[in-house]
Amino acid sequence: MIRKAVWLLGAVTLSACVNSSDINEPPVPLGDFSLGHNVVVAPKVAKGPASREVPVDELTASIQSAIAERFDRYDGPKDYHFGLSVEAYVLAQPGIPVLLSPKSAMIVQLTVWDDALGSKLNTEPEQITVLEELSGQNVFGSGLLKTGDQQLEEMSRSVAKAIENYLLAQKAEYGWFTENAVTDTGEEEEPAER
């Protein structure tokens, strides 16, 4: 548990913020993508230091809801499934401004499945780390002005946006969600029969 907390702190220093405020805009093109199963689990989640406590069922439900909100907008002809494991989180508590201004963060691992092929697109789970979005309210850490529920919703939406960014990068590099798709190891996928 301590190892995961240290891992979380290290990952936080290497991560960038994700702006998830585009949810009311048209979705970015993702080829033939349509979200099938949206599975979120947290069997060994680590709560980072100085974090608010979040029950596991609330944590997974919030992320699952944010993923559905973002990806149910896609209506391509092929189903793809998400398997997501929440590894660690920090929901900032109120601190002393400037000296101890805690920031919220979350680490998840994502696997994407192609339903037609019955196989994974990414051979190893993709680790995604997000930090709270910077805003006028978050300059000194969201723990000062936001409730735990507000922080969890914001972080969940950031995870969903980071997943979308990852899928776009995979589409650009490997042709995911197109007829010329390859796995992230470079193996060509069999075209699905239509």
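It should be noted that the structure appears before, not after, this text.
Everything numeric in this text was worked out from a predicted model, so none of it was measured.

Asks: With reference to specific residues and values, describe the packing of helix α2 (residues 56-71) against helix α3 (residues 148-174).
Replies: Contact geometry of α2 with α3 gives a least axis separation of 8 Å together with a crossing angle of 50 degrees. Taken together, the axis directions place α2 and α3 in an arrangement best described as oblique. Considering the relative orientation of α2 and α3, their crossing is right-handed. From α2, Glu 58, Leu 59, Ser 62, Ile 63, Ala 66, Ile 67, Glu 69, Arg 70 and Phe 71 reach across to α3, where they touch Leu 152, Glu 153, Ser 156, Arg 157, Val 159, Ala 160, Lys 161, Ile 163, Glu 164 and Leu 167. Here the residues of the contact of α2 with α3 are counted per class, giving ten nonpolar, two polar and seven charged.

Asks: I'd love a proper account of α3, names of residues and values included.
Replies: Three or four residues apart is the spacing at which side chains of an α-helix point the same way, because the helix has 3.6 residues per turn. With 27 residues, α3 extends 38 Å between its outermost C-alpha atoms, agreeing within 8% with the 39 Å of an ideal straight helix rising 1.5 Å per residue. Positive backbone phi, approximately 70 degrees, marks Gly 175, located one or two places after α3.

Asks: Pulling in residues and values, what's your account of the environment of Asp 79?
Replies: One can find Asp 79 in strand β3 (residues 78-90). Each C-alpha atom, one on Asp 79 and one on His 37, is 8.4 Å from the other, the two residues being 42 residues apart in sequence.

Asks: Lay out α2 with the relevant residues and their values.
Replies: Helix length check: α2, at 16 residues, gives a terminal C-alpha distance of 22 Å against a target of 22 Å (1.5 Å per residue), a fit within 8%. Among the residues of α2, Leu 59, Thr 60, Ser 62, Ile 63, Ala 66, Ile 67, Arg 70 and Phe 71 are the ones counted as buried. Buried residues of α2, viewed axially, fall in a sector of 160 degrees; they line one side. At its buried positions, α2 is contacted by β1 (33-41), β3, β4 (105-114) and α3.

Asks: A description of the nonpolar core should follow, citing residues and the corresponding values.
Replies: Of all hydrophobic cores here, the largest spans 38 residues; its most connected members are Met 106 and Leu 167. Elements that contribute at least two residues to this core include exactly β1, α2, β3, β4, β6 (126-131) and α3. Looking at this core element by element, the count peaks at nine residues for α3. Setting aside residues up to four positions removed in sequence, Met 106 forms contacts with Leu 59, Ile 63, Val 86, Ala 88, Tyr 89, Ile 128, Thr 129, Val 130, Leu 152, Met 155 and Val 159.

Asks: Residue-level account of the packing of aromatic side chains, with values.
Replies: If you walk through the whole model with that rule in mind, you get ten aromatic pairs. An aromatic cluster of three or more residues is present, and its members are Phe 33, Phe 71, Tyr 74, Tyr 80, Phe 82, Tyr 166, Trp 176 and Phe 177.

Asks: With reference to specific residues and values, describe the pattern of salt bridges.
Replies: Applying the stated criterion to the full structure yields nine salt bridges. Note that Glu 69 and Arg 157 form a salt bridge whose closest N and O atoms lie 3.0 Å from each other. Highlighted residues: Glu 69 in helix α2 and Arg 157 in helix α3, separated in sequence by 88 residues. Take Glu 69: its relative accessible area is 32%, and that puts it in the partly exposed class.

Cut-offs and rules
Residues numbered from 1 in each chain as written. Predicted model: local features only at pLDDT ≥ 70, side-chain atom pairs only at ≥ 80, totals over all residues. Heavy atoms only, no water. Axes fitted to C-alpha atoms, helices over the stretch in contact; angles between N-to-C directions. Helix = DSSP H or I, 4+ residues; strand = E, 2+ residues; numbered from the N terminus. Parallel < 35°, antiparallel > 145°, perpendicular 65-115°, else oblique. Left-handed = near helix turned anticlockwise from the far one by under 90°. Contact = heavy atoms within 4.5 Å. Nonpolar A, V, L, I, M, F, W, Y, C, P; charged D, E, K, R; others polar. Expected span 1.5 Å × (residues − 1). Buried < 20%, exposed > 50% of the residue type's maximum accessible area, 1.4 Å probe, protein only. Arc of directions from axis to C-beta. Core = buried A, V, L, I, M, F, W, Y, C linked by side-chain atoms within 4.5 Å. Phe/Tyr/Trp six-rings, centres within 6.5 Å; stacked < 30°, edge-to-face > 60°. Salt bridge = Lys/Arg side-chain N within 4 Å of Asp/Glu carboxyl O.

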